[in-house]
Amino acid sequence: MISERRHAILNLIIEHYLRTGEPIGSKTICQLLPYPVSSATVRNEMAYLSQLGFLEQRHTSGGRVPCKASYRYYVDSLMEEVPVSNYDAQQISETLSVNAGDPERLLTDASRLLSEYSHCASFCCMPEDPYDCIQGIDLIPAGNSKAMLVMLTVGSKIKSSLINMPCPIDDEFRAMFYGVINRFFIGAQLSDINTALIQSAVGFAGGRIFDLLPVLTSLCSLCEEASQSKLTLEGETNLLSHTELGSDVYRLLSFLTEKQQLIQPIKEFTDGSTPRALFIGDENPLYEMKNTTTAIGKYTYGNNQKAAIGIVGSMRIDYKTILPKINYIMDTVDILLSKGGSV
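Residues numbered from 1 in each chain as written. Predicted model: local features only at pLDDT ≥ 70, side-chain atom pairs only at ≥ 80, totals over all residues. Heavy atoms only, no water.

(A) Representation of the pattern of salt bridges within the structure. All chains considered together, the criterion is met by 20 salt bridges. Among the charged side chains, a salt-bridge network with shared partners connects Glu104, Lys159, Glu225 and Lys230. (Salt bridge = Lys/Arg side-chain N within 4 Å of Asp/Glu carboxyl O.)

Listed below in structure tokens is the structure:
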């Protein structure tokens, strides 16, 4: 059983190590405890906590440091969260409100904030949705024989491309363009937009087939881009300052760079029932991340679209300060997505 005194000693050891990365000895603990206790008693309590798997002694004459299991116990039973300041709350809300109406950009902004406030690497993932369809397409003149092709999907993805137009966008071209778009593309699944469909569509362009072809070719590329899983990383270089990772940081950075290895476990998480999770050490499902702390939150929005954001850092992060900020960012994103962009 962990008594109140053992709680206090374990909390001091963990918070000292999180702050300094150094072990702490019994004499120092005696000075920090709010009541008198002998060094021998503290050493006995530390030995007991070591037997429980919470502490380890790396050197015979050295102090104790936390084991992986102690971080989970700290987060669940010892940690006193530091509330998010009014200033940080306002900054987070203002930043996320800028692109609140565009889920993809909103989630990307949130990932950037997670990296900034946690000093960890962060990620934003939008898994592939095989049922996403085209909701609308527009062609906007941009001057100098150029036009902007803009596509909106049912899953709230917005994609655009600048095209060199071989002809003016006059009334005749507009009528032909929107006729083809409405006939072949509106309501079509992104995965069904391919070269064969493009060839069928340009057949209805009559003598203006070569005027329409660049637009439809660009549209095909936009559909391919929107249909694929997307994973973006922010703040990877923050991990270089996580000294606990040691030389493993380079292997971790290499692993994170291979984004495809992360997409499948994130997709499995978004398909599950757990809205948020904190994986510490061996709790991480991926072997390459067994020495990290990973926080992840998932979202379902629009037409059952799914996404996830989160952070990856060492196990020696400032949990009591960072976790409340992570939760505040994730809560704000949840509110904006559920209300369609308005706080």
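(B) A look at the nonpolar core. Core analysis: the biggest nonpolar cluster contains 55 residues, and Leu96, Leu107, Ile309, Tyr319 and Val333 have the highest contact counts within it. Top element by residues in this core is helix 12 (residues 319-338). It accounts for nine residues. Apart from residues no more than four positions distant in its own chain, valine 333 is found in contact with Leu96, Leu106, Leu107, Ala110, Tyr299 and Ile309. By size, the runner-up hydrophobic cluster in this structure holds 33 residues, among which are Ile163, Cys167, Cys220 and Leu222. (Core = buried A, V, L, I, M, F, W, Y, C linked by side-chain atoms within 4.5 Å. Buried < 20%, exposed > 50% of the residue type's maximum accessible area, 1.4 Å probe, protein only. Helix = DSSP H or I, 4+ residues; strand = E, 2+ residues; numbered from the N terminus. Contact = heavy atoms within 4.5 Å.)

(C) Spotlight on helix 9 (residues 209-227). A rise of 1.5 Å per residue sets the reference length of helix 9, with its 19 residues, at 27 Å; its end C-alpha atoms lie 26 Å apart and thus fit the reference within 8%. Where helix 9 is concerned, the buried positions are Asp211, Leu212, Val215, Leu216, Ser218, Leu219, Cys220, Leu222, Cys223, Ala226 and Ser227. Buried-residue contacts for helix 9 involve strand 4 (134-143), strand 5 (146-153), strand 6 (158-164), helix 7 (171-184) and helix 8 (195-202). (Expected span 1.5 Å × (residues − 1).)

(D) Spotlight on the sheet that holds strand 9 (residues 292-301). Pairing is antiparallel across the open sheet formed by five strands, whose spatial order is 7-3-10-9-8. Each of the sheet's edge strands pairs with one partner strand only, and the pair in question is strand 7 (230-234) and strand 8 (276-280). With direction set aside, neighbouring strand axes in the sheet form an average angle of 15 degrees. In the packing of helix 12 onto the sheet, the strands contacted are strand 8, strand 9 and strand 10 (305-314), and the crossing angle to strand 9 comes to about 15 degrees. (Pairing = 2+ DSSP bridges. Axes fitted to C-alpha atoms, helices over the stretch in contact; angles between N-to-C directions.)

(E) Just the pairing of strand 9, in detail. Along strand 9, nine of the 10 residues are buried, which leaves the element largely enclosed by surrounding structure. Two elements, strand 8 and strand 9, share five bridges in a ladder whose sense is antiparallel. Paired with phenylalanine 279 across the two strands is threonine 294, which belongs to strand 9. As judged from the 10 bridges shared by strand 9 and strand 10, these two strands associate in the antiparallel manner.

(F) Here's a closer look at the packing of helix 4 (residues 68-78) against helix 12. Where helix 4 meets helix 12, the closest approach of the two axes is 11 Å, and the angle between their N-to-C directions is 65 degrees. Considering how the two elements wind past one another, helix 4 and helix 12 form a crossing that is right-handed. On the side of helix 4, the interface is formed by Tyr71, Tyr74 and Val75, while helix 12 contributes Tyr319, Lys320 and Leu323. Class assignment for the residues of the contact of helix 4 with helix 12 results in five nonpolar, no polar and one charged. (Left-handed = near helix turned anticlockwise from the far one by under 90°. Nonpolar A, V, L, I, M, F, W, Y, C, P; charged D, E, K, R; others polar.)

(G) A look at helix 12. For helix 12, with 20 residues, the first-to-last C-alpha span of 28 Å sits near the 28 Å given by 1.5 Å per residue. Every buried residue of helix 12 is listed here: Tyr319, Ile322, Leu323, Pro324, Lys325, Ile326, Ile329, Met330, Thr332, Val333, Leu336 and Leu337.

(H) The sheet that holds strand 5, seen in detail. The antiparallel open sheet is built from three strands, whose spatial order is 4-5-6. The open sheet has two edge strands with one neighbour each: strand 4 and strand 6. On average, adjacent strands in this sheet sit at an angle of 20 degrees to one another, irrespective of strand direction. Both strand 4 and strand 5 contribute to a ladder of eight bridges, which runs antiparallel. Note that in strand 5 the partner of isoleucine 134 across the bridge is threonine 153. Along the sheet face, helix 7 touches strand 4 and strand 5 and points at about 160 degrees away from the line of strand 4. Packed onto the sheet, helix 9 meets strand 4, strand 5 and strand 6 and runs at close to 150 degrees relative to strand 6.

(I) Quick look at the packing of helix 7 against helix 9. Where helix 7 meets helix 9, the axes come as close as 11 Å, and the angle between the chain directions of the two elements is 40 degrees. Relative to helix 9, the element helix 7 lies oblique. As for how helix 7 packs across helix 9, the hand of that crossing is right-handed. Touching Phe173, Met176, Phe177, Val180 and Ile181 of helix 7 are Asp211, Leu212, Val215, Leu216 and Leu219, all from helix 9. Here the contact of helix 7 with helix 9 is built from residues that sort into nine nonpolar, no polar and one charged. (Parallel < 35°, antiparallel > 145°, perpendicular 65-115°, else oblique.)

(J) Up close: the side chain of threonine 270. Position of threonine 270 among the secondary structure elements: in helix 11 (residues 260-271). Once residues lying within four places of it in the same chain are set aside, the contact partners of threonine 270 are Pro127, Lys298, Lys306, Ala307 and Ala308.

(K) Examining the side chain of aspartate 129 more closely. Mapped onto the elements of the fold, aspartate 129 is located in the loop between strand 3 (121-126) and strand 4. Buried aspartate 129, no salt bridge; nearest opposite-charge side chain is lysine 157, N-O distance 6.7 Å. In this structure the side chain of aspartate 129 is engaged in a polar contact, spanning 3.1 Å, whose partner is the side chain of glutamine 305. When residues no more than four places from it in sequence are discounted, the contact partners of aspartate 129 are Ser227 and Gln305. (Lys, Arg positive; Asp, Glu negative; His and termini not counted. Polar contact = N/O pair within 3.5 Å; in protein donor to acceptor, adjacent residues only side chain to side chain.)

(L) Spotlight on unusual backbone geometry. Its identity as a non-glycine residue notwithstanding, asparagine 144 has a phi of 55 degrees, on the positive side. The phi angle at asparagine 304 is positive, at roughly 65 degrees, despite the residue not being glycine. Along the chain, asparagine 304 falls in the loop between strand 9 and strand 10. For asparagine 304, a relative accessible area of 53% corresponds to the exposed category.

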